[in-house]
Amino acid sequence: MELLGHLATGFGVALTPINVIYALVGALLGTLIGVLPGIGPVATIAMLLPTTYVLPPVSALIMLAGIYYGAQYGGSTTSILINMPGETSSAVTCLDGYQMARKGQAGAALSIAAIGSFFAGCVATVLVAAVSTPLSELALKFGPAEYFSLMVLGLIGATVLAHGSLIKAIAMVILGLLLGIVGTDVNSGVARFDFGIPELSDGIGVVSVAMGLFGFSEIIMNLESSEKRELLTSKIKGFWLTKQQFRAAAPAVLRGTGIGSVLGILPGGGAMLSAFASYAVEKKLAKDPSQFGKGAIQGVAGPESANNAGAQTSFIPLLTLGIPENAVMAMMVGAMTIHNIQPGPQVMTSNPSLFWGLIASMWLGNLMLVVLNLPLIGMWIKLLTVPYRMLYPAILLFCSIGVYTVNNTSFDVMQTAFFGFIGVVFAKLACEPAPLLLGFVLGPMMEENLRRALLLSRGDPFVFAQRPISAGLLIAAVLLIVVIGLPNIRKKREEAFQE
Amino acid sequence: MIRIRNARDFCGGLLLTAFGVFALVLAHGYPTGSAARMGPGYFPNMLGMLLVAIGATLVVTSLRRDGARLPRWPWRPTVVVLGAVVTFGAIVPWAGLALSTVALVFIASAASHEFRLREAAVSGIALAVLAVLVFGVGLKIQLPIWPVFFG
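J.: Run through the nonpolar core, naming residues and quoting values.
T.: A general trend in soluble globular proteins is that nonpolar side chains are found buried together. Among the nonpolar cores identified, the biggest contains 168 residues, and L64, F315, M331 and L437 of chain A are the most heavily contacted of them. Looking at this core element by element, the count peaks at 13 residues for helix 17 (residues 388–407) of chain A. Built from parts of two domains, this core gets at least three residues from each of domain 1 (7–62) and domain 2 (75–150) of chain B. The residues touching L437 of chain A, leaving out its near neighbours within four places in the chain, are V42, V206, V209, A210, F214, A327, A330 and M331 of chain A. Listed in part, the 22 residues of the second largest apolar core include A108, L110, I112 and W380 of chain A.

J.: Could you give an account of the interface of chain B and chain A, naming the residues involved and the relevant values?
T.: Facing the 66 residues of chain B at the interface are 60 residues of chain A. Taken together, the two surfaces of chain B and chain A that pack against each other cover about 5,500 Å², and 81% of this comes from carbon and sulfur. Counting the surface chain B buries against chain A, the share from its top three residues, M38, F43 and W73 of chain B, is 11%. Joining chain B to chain A, the criterion identifies two salt bridges. Its salt-bridge partner being E119 of chain B, residue R389 of chain A comes within 2.7 Å of it at the nearest N-O pair. Between the two partners, chain B and chain A, sit nine residue pairs in polar contact (both at pLDDT 80 or more).

J.: Please set out the pattern of salt bridges residue by residue, giving values where relevant.
T.: Residue and element names in this part refer to chain A. Within this structure, the stated rule accounts for 13 salt bridges over all chains. The residue R467 makes a salt bridge to E146 at a minimum N-O spacing of 2.7 Å. Of this pair, R467 sits in the loop between helix 20 (463–466) and helix 21 (468–485) while E146 sits in helix 7 (residues 144–160); the two residues are 321 residues apart in sequence, bridging distant segments of the chain. Look at E146 and you get buried, because its relative accessible area is 4%.

J.: Lay out the packing of helix 1 (residues 7–27) of chain B against helix 2 (residues 42–64) of chain B in plain terms, naming residues and giving numbers.
T.: Residue and element names in this part refer to chain B. The N-to-C vectors of helix 1 and helix 2 enclose an angle of 160°; their axes lie 7 Å apart at closest approach. Between helix 1 and helix 2, the angle is such that the two are roughly antiparallel. Helix-helix and strand crossings are classified by hand; for helix 1 and helix 2 the assignment is left-handed. Contact with helix 1, carried on its side by D9, F10, G13, L14, L16, T17, F19, G20, V21, L24 and A27, involves P44, N45, G48, M49, L51, V52, G55, A56, L58, V59, S62 and L63 of helix 2 and no other residues of that element.

J.: Would you mind going over the packing of helix 6 (residues 106–140) of chain A against helix 10 (residues 243–265) of chain A in detail, with residue names and values included?
T.: For any two helices packed against each other, the geometry comes down to the angle between their axes and how far apart the axes lie. Residues and elements named next belong to chain A. Contact geometry of helix 6 with helix 10 gives a least axis separation of 9 Å together with a crossing angle of 40°. As judged from the angle between their axes, helix 6 and helix 10 are oblique. Handedness of the crossing formed by helix 6 with helix 10: right-handed. Taken together, the residues of helix 10 that come into contact with helix 6 (itself represented by A108, I112, G116, F119, A120, V123 and L127) are Q245, A249, V253, L254, T257, S261 and I265. For the contact of helix 6 with helix 10, the per-class residue count stands at 10 nonpolar, four polar and no charged.

J.: Please provide a residue-by-residue account of the domain arrangement of chain B, values included.
T.: Examined at the domain level, chain B breaks down into domain 1 (7–62) and domain 2 (75–150). For domain 1 of chain B versus domain 2 of chain B, the separation of C-alpha centres amounts to 39 Å.

J.: Break down helix 1 (residues 2–14) of chain A for me, with residues and values.
T.: Residues and elements named next belong to chain A. Taking 1.5 Å of rise per residue, the 13 residues of helix 1 would be expected to cover 18 Å, and the 18 Å separating its terminal C-alpha atoms lies within 8% of that figure. Among all positions of helix 1, only L7, G10, V13 and A14 are buried. Seen from one end, helix 1 has its buried residues packed into an arc of 115°, which puts them on one side. Along its buried surface, helix 1 packs onto helix 2 (17–35), helix 4 (57–82), helix 6 and helix 16 (352–384).

J.: Got a sec to walk through the environment of V186 of chain A? Specific residues and values, please.
T.: Residue and element names in this part refer to chain A. Assignment of secondary structure puts V186 in the loop between strand 1 (183–184) and strand 2 (191–192). Residue class for V186 comes out exposed when judged on its relative accessible area of 71%. Spatially, the C-alpha atoms of V186 and M331 are 22 Å apart, while their sequence positions differ by 145 residues.

J.: Residues and numbers for the environment of Y98 of chain A, please.
T.: By the element assignment, Y98 of chain A lies in helix 5 (residues 91–102). Placed 16 residues apart in sequence, Y98 of chain A and I82 of chain A show a C-alpha to C-alpha distance of 6.9 Å.

J.: Which residues make up the side chain of S400 of chain A, and what values go with them?
T.: By secondary structure assignment, the location of S400 of chain A is in helix 17. Once residues within four sequence positions are removed from consideration, S400 of chain A is found in contact with F216 and V413 of chain A together with V85, F88 and L104 of chain B.

J.: If you had to explain the packing of aromatic side chains to someone new, which residues and values would you point to?
T.: Residue and element names in this part refer to chain A. The full count for this structure, using the stated rule, is 13 aromatic pairs over all chains. Ring geometry for F148 versus F464: centroids 5.0 Å apart, planes at 40°, classification tilted. One end of the pair, F148, is in helix 7; the other, F464, is in helix 20, with 316 residues separating them in the sequence. You can call F148 buried: its relative accessible area is 11%.

Reading guide: rules and limits
Residues numbered from 1 in each chain as written. Chains lettered and ligands numbered in written order. Predicted model: local features only at pLDDT ≥ 70, side-chain atom pairs only at ≥ 80, totals over all residues. Heavy atoms only, no water. Core = buried A, V, L, I, M, F, W, Y, C linked by side-chain atoms within 4.5 Å. Buried < 20%, exposed > 50% of the residue type's maximum accessible area, 1.4 Å probe, protein only. Helix = DSSP H or I, 4+ residues; strand = E, 2+ residues; numbered from the N terminus. Domains from an automatic or database assignment. Contact = heavy atoms within 4.5 Å. Buried area = accessible area lost by both parts, 1.4 Å probe. Salt bridge = Lys/Arg side-chain N within 4 Å of Asp/Glu carboxyl O. Polar contact = N/O pair within 3.5 Å; in protein donor to acceptor, adjacent residues only side chain to side chain. Axes fitted to C-alpha atoms, helices over the stretch in contact; angles between N-to-C directions. Parallel < 35°, antiparallel > 145°, perpendicular 65-115°, else oblique. Left-handed = near helix turned anticlockwise from the far one by under 90°. Nonpolar A, V, L, I, M, F, W, Y, C, P; charged D, E, K, R; others polar. Expected span 1.5 Å × (residues − 1). Arc of directions from axis to C-beta. Phe/Tyr/Trp six-rings, centres within 6.5 Å; stacked < 30°, edge-to-face > 60°.

See the structure below:
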């Protein structure tokens, strides 16, 4: 029972008072930004990253992880009560959650969302712990060729699962890779793309890129459309589920957890995709699909379980392979790098207390969320009555202070404003920023592994096809593109994103 | 005659091509080396060429298939929001956290359609107090809180 030993180590770390506090802070902050529309986990993590300098690495990661899964709890609250998803991953919850609320079942909808999330969180935590050891051991056998192919697969996966145009998403990845290699080349000492600006010789900061693309541009886009909010003012009562509701919801929770756990691990996956997939499955399996969109409890239970499971299992590739699979995980790479931890399979052996502490904290955070969330709903609702015109200057301020403190230079603030502008341009041109951020984070690693692989093979590019694992990963990547390129599937994919 | 059928993708494609060309021009001076011994220019050149290829493809398809028109640009929020941030960045090293916060909040508030002078002033001061307490006193960041006078 090696696993139990590991988990015991983890809980030993996670249960120290300071880490409990940071898990709580992260979970609450996550819920807060989950409730607030217009700011997502990526921008929040970017904002808080600089302040984690002073913390021990494990506390920092525990807090930042809490933001991601906390946001899944918070996002459902607004979806159910005001028909507006605080997070994209809770968008499908609007469909049936809000209808339940209109029928006076808001309490039941909120309860099942919380219970489903908690159940999924527990299962996902165990899964992360169980899968991590064998995956890390496998990853330790990887050479540069395997790593390069793995990153190719990861980036292709991310583009396939992005909204909208595949070709644009690939372009975004490449642009991200280019931005990622700005700065001094470690091998030759040549400063690349630095325009002679000394601040750029160390590369562009991940905080600036993420905050500009995800934080500032989001605010600008929100300001363009005038706000309209309809708050369900009737008192929420009856958090208890009826027996009938429970019987309908329980299998949906189980399925949602399963779907989320699997889709969370896949490259490009995560909370959002899991929620959408689960909703589609529930609708297909339901005895009476016409109830969907009219307040079917399965339509809340499934996606809400799935998004939380997906949020958590998406840590698996990051922790074991060092490959981030979505924008939030890219920020976690940034956080680990700031604390001088190179993400990858060696983290588990070289830094077991951090590794298992983080995993244990996820379970702990979920427990806190389910206990705190329902009683605090009144407070979150109050927050929503603060008009956006007072909210966004505050968000902007904390972002600006945060980015300034990364290196204590005004240059970083200007750079972030620049990426904010770029973010608006991309949003207007329907180009997704998430693949860009992934490419950005993976850029230097990808070049390094490409270099090493070709150095070892004396320049023979077939090295990627000759090594079996590498070949398998590349074939998977090609298959993904081919499958998505098929006209039939392409149509289905477009339909799925429209829903 | 060539007609642009998808203005949004046409512009997107042009922009991506421009980025690619820009990268190639900048990377021109970096030694490429060989595949076995890559120089600092190898990977950037590869990416630049890929980007140009994709951008060009987008431009070509935008001439063939009907699609979205060019969306309207949110000038006011863009200029005001980014202007507020740039102002903050420019003045904070010498004007200090408190004053810069008021400036940022004040300018940024003007981006909204429902700008109210008194409200902006009040929230500016309130946020300045909060920022000083959290970042100055609590997290002890290296930023002057009050204006620094030279001399």
